Amino acid sequence: MNEMSVSSDPSRLPGQSQLPGQSQLPGPFKPMDESALVSYCMQEIARGIGGSEASDSTTDVALPLDYYFGRRPGVSQAKSRDPKASMFVSLDVMDTVEATLAEVMPTFTTDEIAFYEAEDDRDEDQALLESNLVNYYFFHECDGYTVLQSALRDALLTRNCAVKVSWDDRIEVSYDKYENIDELTYAQALAPTSENQTVEVVEEEKFSIDPVTGIDPVTGIDPVTRSSPVTGEELQEVRYTVKIKRLTRVEKIQISPIPPEQVVVSGNHTSPKFNDVRFIAHEKYETQSSLIEQGFDPEIVKKLTDYNTDIEDLARSRLPEEYDYYSAHESTRQVRIYEAYPLIDFDGDGIAERRKVVIGNNQILSNEEWGEVPIIGGAVTIVAHKYKGVSLFDRIQGIQNAKTEVIRSIIDGTRLSSNPRIGVIEGQANLDDILTSRTGGVVRLSHPNAIIELPKGEVPASSYSFIDFMDRIRSERGGGAVDTANVATKLQSDTAHAFERTMSAMELSNALLTRTFAETLIRGIFVQVHALLREHYPTTLTARIGGKWLEATPQDWKTRTQVTIQVGASNAERQRQSTTLQKIAEVQTQLALAGSVLFDEAKQYKAIVRAVMLGGVRNPEDYFVDPGSDEGMQAKEDKSQAAQEQKQIEEAAQAKIIEAQTLLGQAEMIKSQAALKSNEVKSENEGLKNKIQELKTLLDSKSKVDALDFDYEKLRADIQIKQSELDIQRAELALKYDKQEPENVDRPKTD
């Protein structure tokens, strides 16, 4: 039998869901009416944590703000009677919060802090594309850096922070007035100036102008009668003066920090996150005009009472003008409404659903089913199983109290030392002279001992040691950020390794704080932004990231709830990482020169870009070319072509060198042959010279003159013939040598 009867067991939960196969449970499950829903929400608001009506709002918000702005601690009742008593306040809370903020916020200066997890290897590129576009949208379209800074300051000071991420869909109204325009301009004015815009004519005045002098070269209308050149009838030009109303539908994601005192959470909530909160409400203040723009009933909105300033507004304000919400016109008057997101069984099916209920003056302005809670909560220090965390104010409040009291005593003691109290014998001194304190002034006395200096207390040296002691405690409790400069000065004589180790230890506390803030608040923001873009963004989302244009249609995205938050490093850590990456780039350069397979151009580009980004440059792609981009591929192709051309030039030059060396070898051979022939000619010349000398000797001999005449003439003729042959051979060798010898080869010398 599948039917199940209602049990009278009191342990049975009234909202327990029905199991498969069970029939609808009768009994207590009944639909709620709107009056019951309003009553439930207002009871939760009255009993919840937070809100202007809560009993803890003063201690959780107003008191930390008073300490932050130096309004606390006040003076004692006894000192308040002394107008000259010191009113000094040590701003330890402000100093610690701002120093921590200055150290933490640089970790969020990058444009990519969240990455959506891919479902498999085929989804990695799409997940990366969505991560890049959502990061861009958050920082550039939603002013993400300012949002994070405001939220972090709230968490540091008031334990928790909240950011509202919602899809803003409203009608913006603007008016344009045009005077004395023609019909063409009138038609152009009626055209929408943006998408999702309608145009209405509010006022219109139509009139005709008088005939004007001057010749119209286009129409040929007579300048005097304004008559048509065709029909001859008189013409008059129609003009308009109109007032146009433009109604533009604005759709975008709105991310805004919420003051912690405006968030009301059910008292049994056990986490700074609001994913599964039973009841949460945003107590907000809007103008009457803004509520009507959002589509609420104007008749109900007009009946809402004006908003009155509460103690949290006074605590946040430093000037009376900052909390004066009175408006001179009802359209801009401030009203208070509650935007509640209860988890409740409104339709009576026994299952609690999330709803969005807007309430003002105990009246429902809207009531609709809802999905995820648009309010994202966060903290910097989590208390286990509790909604409220721990703030820096909780840690530093006692230090500010103690230091303020001691410093006031030092100031009062110093003033007393320079202007001590004195005793006066009545009737023996002029009181007017004594009460008028002047440098070098005269005091009229009737007796030398009429004025007696009373004993004065000295400021003990231990007071200054006590202040140093409290500063050390402040560093331990607050993470050391406020005393980083002092510590760095003291460590100047230490080695670089000791300095780095000490500074790293001081950063550990703030590193934990940063990670907690990122995992609670930032993760929720990016999950919600992705969901809203996927559900509502109507067009293609386009952005220029890393020198490339990326685009996608968010409505085609799949649901993603797994997000990895990449928290940046502190300034010291960024410097260390930058130095390491620079060394890696140098090693890669050496590998490239050596032709090692370990070198990869794309990886070297990543190392260089990352090092530059850690140095604070947001757009390193403006200074380096990505090897994987179109520009990088074109540069590679140009470089390869240039290298090929250079190789061809070098090969041609090498061929020329080989050819020249060949010719040089041939020239050397010819030169050797010429030298050898020259030596032979020289040898023959020497032989002929010797024979001539012998003949001369014979000629000198008278006894042989006659006999030798004939031989001498014959020998002389032979010598001349031989000399002619040698000259011919020498000329032939010289001609052959000139034809084959390169320009840089020396010719053989001949005698």
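These notes cover the structure that comes with them. (Residues numbered from 1 in each chain as written. Predicted model: local features only at pLDDT ≥ 70, side-chain atom pairs only at ≥ 80, totals over all residues. Heavy atoms only, no water.)

### What about the nonpolar core?
Short version of the rule: To define a nonpolar core, start from buried Ala, Val, Leu, Ile, Met, Phe, Trp, Tyr and Cys residues and group those joined through side-chain atoms within 4.5 Å. Summary of the burial criterion: residues with accessible area below 20% of their type's maximum are buried, those above 50% are exposed, and those between are partly exposed, where the area comes from a 1.4 Å probe applied to protein chains only. Here, residues are in contact when the closest pair of their heavy atoms is within 4.5 Å.
If you look at the biggest cluster of nonpolar residues, it comprises 62 residues, and the most contacted ones within it are Leu148, Ile253, Ile255, Phe517 and Ile525. Ignoring sequence-local partners within four residues, the contact set of isoleucine 525 consists of Phe138, Leu148, Val163, Val165, Ile255 and Ile376.

### Quick look at the pattern of salt bridges
Rules: Put simply, a salt bridge is a Lys or Arg side-chain nitrogen that is within 4 Å of an Asp or Glu carboxyl oxygen. Comment: elements are numbered from the N terminus, with helices defined as DSSP H or I runs of at least four residues and strands as E runs of at least two.
This structure, assessed with the given rule, holds 29 salt bridges. A salt bridge links glutamate 286 to lysine 284; the shortest N-O distance between them is 3.0 Å. Across this residue pair, the class does not change: glutamate 286 and lysine 284 are buried. We note a salt bridge from glutamate 519 to arginine 515, for which the minimum N-O separation is 2.7 Å. In this pair, glutamate 519 and arginine 515 both sit in helix H15 (residues 496-536), four residues apart, roughly one turn of the helix. The exposure class assigned to arginine 515 is partly exposed, which follows from its relative accessible area of 33%.

### Focus on the environment of glutamine 604
Short version of the rule: For the purposes of these results, a polar contact is taken to be a pair of N or O atoms within 3.5 Å, where, inside protein, one atom must be able to donate a hydrogen and its partner to accept one; residues adjacent in sequence count only when each atom of the pair is a side-chain atom.
As for its position among the elements, glutamine 604 is in helix H17 (residues 601-614). The spatial distance from the C-alpha of glutamine 604 to the C-alpha of threonine 589 is 8.2 Å, given a sequence separation of 15 residues. Contact partners of glutamine 604, with chain neighbours within four places excluded, come to Ala585, Gln588, Thr589 and Phe599. A distance of 2.9 Å separates the side chain of glutamine 604 from the side chain of threonine 589, its partner in a polar contact.

### Some details on the packing of helix H4 (residues 92-104) against helix H13 (residues 462-478)
Filter applied, for reference: For helices, the axis comes from a line fit to the C-alpha atoms of the stretch in contact; other axes are also lines fit to C-alpha atoms, and the angle between any two N-to-C directions lies between 0 and 180 degrees. Orientation categories follow fixed angle ranges, with anything under 35 degrees roughly parallel, anything over 145 roughly antiparallel, 65 to 115 roughly perpendicular, and all other angles oblique. With the far helix as reference, a near helix turned anticlockwise by less than a right angle produces a left-handed crossing, and one turned clockwise produces a right-handed crossing. Only Asp, Glu, Lys and Arg are considered charged, only Ala, Val, Leu, Ile, Met, Phe, Trp, Tyr, Cys and Pro nonpolar, and every remaining residue, Gly among them, polar.
Interhelical geometry of H4 versus H13 gives an angle of 45° and a closest axis separation of 11 Å. Our classification of the angle between H4 and H13 gives oblique. The hand of the H4/H13 crossing is right-handed. In contact with Asp92, Asp95, Thr96 and Thr100 of H4, H13 contributes Asp471, Arg474 and Gly478. Tallied by class, the residues present in the contact of H4 with H13 amount to no nonpolar, three polar and four charged.

### Some words on H13
Rule in force here: Take the number of residues in a helix, subtract one, and multiply by 1.5 Å to get its expected span.
A rise of 1.5 Å per residue sets the reference length of H13, with its 17 residues, at 24 Å; its end C-alpha atoms lie 24 Å apart and thus fit the reference within 8%. Where H13 is concerned, the buried positions are Ser463, Ile467, Met470, Asp471, Ile473, Arg474, Ser475 and Gly478.

### As for empty space enclosed by the protein
Let me state the cut-off plainly: Points on a 1 Å grid over protein atoms alone make up a cavity when a 1.4 Å probe fits among them but cannot get out, and a pocket when they form an open set with protein on both sides within 12 Å along at least five of seven lines; lining residues each have an atom within 4 Å of a point. Grid points are joined across faces, edges and corners, and a volume is the space filled by probe spheres set on the points.
Summed over the entire model, instances satisfying the criterion amount to two cavities of 30 Å³ or more. Roughly 40 Å³ of internal volume is contained in the second largest cavity. As for the second largest cavity, its lining consists of Asn160, Cys161, Ala162, Pro260, Val263, Tyr387 and Lys388. A per-element tally of the lining of the second largest cavity places strand E2 (residues 160-181) first, with three residues.

Read these as spatial facts, not as claims about activity.
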